[in-house]
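Residue strings, one per chain:
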Amino acid sequence: MSRRDLIAAAAVAALALFAFVPALLFGAQRPACLDLSVPAPHDGMVWVPAGDYAQGDTVYPEEGPLTRTHVSGFWMDRHEVTNAEFARFVAATGYVTEAERGGDVKAHPGIDPDLLVPGAMVFFMPKHVNGMENISQWWRFVPGANWRQPAGPSSSIAGKEDFPVVEITHADALAYAKWKGHALPTEAEWEWAARAGDAHPGDDHDQPVQANTWQGIFPVLNSGADGFVGLAPVGCYGANKYGLFDMFGNVWEMTADLWRPHHGDESLPDTVPARGAGVSYTIKGGSFLCAPNYCMRYRSGSREPQESDLGTSHVGFRTILREKSVSP
Ligand SMILES: [Ca+2]
């Protein structure tokens with residue numbers, strides 16, 4: 001997602017009215033969540049062993065071509081970074097996030113100044129939509145939205161200490177990771193961790209049961225059949241074979257990699273300024289907004305670009321530790 005997506009002209013589309021489907025609103029059952037008071041070994045991380053696999057998938061064009069990839073073993077946070085964890089980082093360092101500071105006009109020439117004030121993107125569920133091309137029907141840039149008040153000044157994270165931190169930018173996530181002595185995973189590392197040992201692509205195409213995704217018709221009807229209609233605390237669903245929670249759904253997760261439109265494209269340099277229009281990083285795993293009718297990206301091979309200095313309410317992150325000396 002980028003600021004320019006918001007102001008793109010909507011394509012003409014038939015008026016879609018989804019006034020009510022009351023039957024789907026019954027029967028939701030909340031799963032039991034991970035008890036974060038129980039300490040995990042290696043400071044909440046699990047070991048992801050080395051592997052070779054066919055990276056990518058075949059559902060959307062940006063997932064190809066399938067590419068043979070090797071990753072070395074690494075430690076990975078077993079759950080997404082929580083509000084409580086990010087608060088400890090901010091308390092220790094005095095760090096101020098980019099959403100709290102606002103965008104840099106030099107990095108976004110020609111953009112509407114209203115999209116550069118301190119703030120971030122917030123998802124709102126519309127009552128109806130006119131086609132699916134214009135994302136501003138369900139996404140808004142909200143002045144004052146940031147990790148402390150993810151839906152804007154009238155919201156807060158009180159009581160949501162175990163929810164994944166959101167409205168975080170790539171630079172914010174990197175700063176947290178460095179403070180911990182960790183790193184952000186590469187796309188290849190993240191995808192291998194999400195595969196959990198399955199070297200073959202395409203085995204995870206079905207909407208996952210053990211994940212916080214969207215049940216119903218995006219963006220107008222969410223039955224909440226998986227227990228949550230919005231974000232969930234981390235660790236509410238079963239872990240994968242490596243012990244990793246919420247790799248699919250809940251929040252998209254940032255990687256260290258600059259966005260490339262497909263695998264094998266080496267036309268971009270490895271290092272560019274972290275800020276600026278057109279600079280996007282790859283995010284993985286889908287979010288609570290992923291639904292079969294719109295965004296089947298609750299899969300290991302799915303990927304999207306995320307503007308480097310724009311926080312949103314459905315993107316978070318987890319960190320890794322490349323330290324062979326402490327591997328099992
Ligand atoms: Ca996730």
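Residues numbered from 1 in each chain as written. Predicted model: local features only at pLDDT ≥ 70, side-chain atom pairs only at ≥ 80, totals over all residues.

Caption draft 1: Region of the structure containing the overall build of the protein. Assigned secondary structure in the protein consists of six helices and 15 strands. By residue count, 41% of the 328 residues in the protein fall in the buried class. For the protein, contacts bridging at least 24 residues in sequence account for 78% of all contacts bridging at least 6. (Helix = DSSP H or I, 4+ residues; strand = E, 2+ residues; numbered from the N terminus. Buried ≥ 20, exposed ≤ 12 C-beta atoms within 10 Å, placed from the backbone. Contact = placed C-beta atoms within 7 Å.)

Caption draft 2: Region of interest: the sheet that holds strand S5 (residues 74-77). The sheet built from three strands is open, its strands ordered S2-S5-S15 with antiparallel pairing. Each edge of the sheet is formed by a strand with only one pairing partner; in this case those strands are strand S2 (45-48) and strand S15 (320-321). The sheet contact formed by S5 and S15 spans two bridges and is antiparallel. From the neighbouring strand, Trp-75 faces S15, where its bridge partner is Leu-321. (Pairing = 2+ DSSP bridges.)

Caption draft 3: Region of interest: the environment of Thr-97. Topologically, Thr-97 is positioned in the loop between helix H3 (83-93) and helix H4 (98-101). Between the C-alpha atoms of Thr-97 and Gly-311, which are 214 residues apart in sequence, the distance is 9.3 Å. Ignoring anything within four residues of it in the chain, the contact list for Thr-97 reads Asn-146, Trp-147, Ile-168, Thr-169 and Asp-172.

Caption draft 4: Expanded view of the nonpolar core. Counting residues in each nonpolar core, the largest one holds 60 residues, and the members touching the most others are Met-76, Ala-173, Ala-193 and Met-254. Of all the secondary structure elements, the ones that give two or more residues to this core are S2, S5, strand S6 (119-123), strand S8 (139-143), helix H5 (170-180), helix H6 (187-195), strand S11 (252-258) and strand S12 (280-284). (Core = buried A, V, L, I, M, F, W, Y, C linked by C-beta atoms within 7 Å.)

Caption draft 5: Fine view of unusual backbone geometry. Residue Pro-65 is bonded to the preceding Gly-64 through a cis peptide linkage, with omega at -10°. Secondary-structure assignment places Pro-65 in the loop between strand S3 (51-55) and strand S4 (67-71). With omega at 0°, the peptide bond leading from Phe-218 into Pro-219 counts as cis. By the secondary structure assignment, Pro-219 is in the loop between strand S9 (216-217) and strand S10 (221-222).

Caption draft 6: How the structure looks around the sheet that holds S11. Taken in spatial order, the four strands make up an open sheet running S13-S12-S11-S14, and their pairing is mixed. Looking at the sheet topology across the chains shown, the edges are occupied by strand S13 (304-307) and strand S14 (315-316). As defined by bridge partners, S11 adjoins S14 across two bridges and the pair is classed as parallel. Residue Trp-252 lies in a different strand from S14, and its bridge partner there is Val-315.

Caption draft 7: Up close: H5. For H5, every residue scored as buried is listed here: His-170, Asp-172, Ala-173, Tyr-176 and Ala-177. One face of H5 carries all of its buried residues, which in axial projection span an arc of 165°. At its buried positions, H5 is contacted by H3, H4, S11 and S12. In the stretch just after H5, Gly-181 is the one whose phi turns positive, near 75°. (Arc of directions from axis to C-beta.)

Caption draft 8: Structural view of the confidence of the model for the protein. Confidence in the prediction of the protein, expressed as mean pLDDT, is 88, and 87% of residues score 70 or more. Note that pLDDT drops below 50 for residues 9-26; the model gives that stretch 23 contacts with residues more than four away or on any other chain. (pLDDT = per-residue confidence, 0-100.)

Caption draft 9: Just the environment of Trp-75, in detail. With respect to the helices and strands, the residue Trp-75 is situated in strand S5. Here Trp-75 falls in the buried class, since 23 other C-beta atoms lie within 10 Å of it. Along the backbone, Trp-75 and Leu-321 are 246 residues apart, and their C-alpha atoms lie at a distance of 4.9 Å. With residues near it in sequence (within four places) discarded, Trp-75 still touches His-42, Met-45, Trp-47, Ile-320, Leu-321 and Glu-323.

Caption draft 10: Quick peek at H3. Asn-83, Glu-85 and Phe-86 are the residues of H3 that are buried. In a view along the axis of H3, the buried residues occupy a sector of 165°, so they form one face of it. Of the exposed residues in H3, the ones pointing more than 90 degrees away from its buried face are Ala-91 and Ala-92. Of the surrounding secondary structure, the elements contacted by the buried residues of H3 are H5. At the exit of H3 stands Gly-94, carrying a positive phi of roughly 75°.

Caption draft 11: Fine view of the environment of Gln-55. Relative to the assigned elements, Gln-55 resides in strand S3. When the 24 C-beta atoms within 10 Å are taken as the criterion, Gln-55 is described as buried. Taking C-alpha positions, Gln-55 is 8.5 Å from His-200, a pair spaced 145 residues apart along the chain. Among residues more than four places away in sequence, those in contact with Gln-55 are Leu-66, Thr-67, Thr-69, Ala-188, Glu-191 and His-263.

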